[in-house]
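Fold and geometry: a report
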Amino acid sequence: STGANANSNQTATTTASAAGGFVWPVEGRNTNQALIPTAKAPTNAGGWSCRASFKAHSLAVTHLALHPRKPIAASCSDDGTWRLSSLPQGELVMSGQGHKDWVAGISMHPKATMVATASGDKTVKLWDFASNECRHTLKGHTEGVWCVDFHDTGDILASGGLDHSIRVWDAELGRCRQSLRGHVDAVNSLAWIFGTNTLVSGAGDKTVSIWDARANYCVQTFYGHHSAVSGIAVPPAGDVIASCDTEGQVILWDIRMLEPRLNFACGPHPMNSVAFDRSGQLIAAASDDHTIRILSVADGKQAVLRGHEDAVQHAMFDPLTNGFLVSCGSDATVRYWS
């Protein structure tokens, strides 16, 4: 059955939430519609083509993050490194190494002062751009870390991993503020809902969960995927969730109605990630079949972008202009589409 359950048996444990003068971000900032960064959907994204491609790493490029104001992409890789590249041609701006294993997740601070990386060495590292150094190494996960996402204030970030847990960290001091437990398989993807302390997670246990990170409990769990949830995304308006799974299913969930609104069959190959454009009307879904699907929320239509020579791991729209798409994949490239 497809649906939601608010009375799940998920529990959470608090760690040092009052320590060191830490203050949670103010709730309800998303009630001011003017603060929500929206834009018109690009009219022809389904017809975009690959304008540039560059080899960013020596192994698979696993995830991307885009600079909020400049055409710069942050990427991370199975080769254990991260880098900043200018777009569209991919000139090296900065790079970092220090992880002892693969890097599967990367997130850009909203003020573009640093990136966070999530690694198979069980750590999250915060890399400061001004000093080009690792500012903090966040230790707490007991297995590899798959995903990381900065809160829109930049004050906190969340990470999820193979140990089935989600951790919320104080970005300034590098301390763990919460440990959210309830998933019974790897946490594969995380996204904050803009203007709130609400976090969404997708996991290998086939579920999508909504968490009140401050109060430390699972508000809602969505059931409907028949295989591991590999990616989740939330648009700026924060009214829906998109999730994808390893059978190629993409589901759009209505947060207020607590039910699925749309279902896209993109299989049989696994979908590796989903991302909204700024308008929330388009979803870029990265597929193991070497393609990117552009999914229309308005009419349920699919378009296909071809160009990668191996599995596409991640694709995302430019957060500033909504005018181009960047993708990365197992072919070790980053590609620019417009």
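These notes cover the structure that comes with them. Just so you know, the residues in each chain are numbered from 1, in the order the chain's sequence is written. Selection of residues for local features in this predicted model requires a pLDDT of at least 70, selection of side-chain atom pairs for listing and counting requires 80 or more, and totals for whole chains, interfaces and linings are taken over all residues. The side-chain quantities take in all heavy atoms of the structure and omit both hydrogens and water.

**Thoughts on the sheet that holds strand E23 (residues 259-265)**
The antiparallel open sheet is built from 4 strands, whose spatial order is E20-E21-E22-E23. Looking at which strands have only one partner, the edges of the open sheet turn out to be strand E20 (229-233) and E23. Put simply, the sheet's adjacent strands are angled 20° from each other on average, direction ignored. When DSSP finds two or more bridges between two strands, those strands count as paired. Numbering of helices and strands runs from the N terminus; a helix is a DSSP stretch of H or I covering at least four residues, while a strand is a stretch of E covering at least two. Angles shown run from 0 to 180 degrees and are taken between the N-to-C directions of axes, each axis being a line fitted to C-alpha atoms and, for helices, limited to the stretch in contact.

**Re the pattern of salt bridges**
We count a salt bridge whenever a side-chain nitrogen from Lys or Arg sits within 4 Å of a carboxyl oxygen from Asp or Glu. Enumeration over the complete set of coordinates arrives at 5 salt bridges. Arg177 is the partner of Asp170 in a salt bridge, and the nearest nitrogen-oxygen pair spans 3.0 Å. One exposure class covers both Asp170 and Arg177, and it is buried. Of the charged contacts in the structure, one is a salt bridge between Arg293 and Asp289, with a shortest N-O distance of 2.7 Å. Residue classification places Arg293 among the buried positions, given a relative accessible area of 11%. Think of it in three bands: residues with accessible area under 20% of the maximum for their type are buried, residues over 50% are exposed, and the middle band is partly exposed, with areas taken using a 1.4 Å probe on protein chains only.

**A short note on the packing of aromatic side chains**
Ring geometry is summarised as follows: Phe, Tyr and Trp rings, the Trp one being its six-membered ring, pair when their centres sit within 6.5 Å, and such pairs are stacked at plane angles under 30 degrees, edge-to-face over 60 and tilted between the two. For the structure on display, the rule yields 7 aromatic pairs. Ring geometry for Trp82 and Phe129: centres 6.3 Å apart, planes at 35°, overall tilted. One end of the pair, Trp82, is in strand E6 (residues 81-86); the other, Phe129, is in the loop between strand E10 (123-128) and strand E11 (133-139), with 47 residues separating them in the sequence. The exposure classification of Trp82 matches that of Phe129, with both residues buried. Arranged with centres 4.9 Å apart and planes meeting at 25°, the rings of Trp102 and Trp146 form a pair that is stacked. Of this pair, Trp102 sits in the loop between strand E7 (92-97) and strand E8 (103-108) while Trp146 is found in strand E12 (residues 145-150), placing the two residues 44 residues apart along the sequence. Put simply, the rings of Trp82, Trp127 and Phe129 touch in pairs and so form one group of aromatic residues.

Nothing here speaks to function; it is all geometry.
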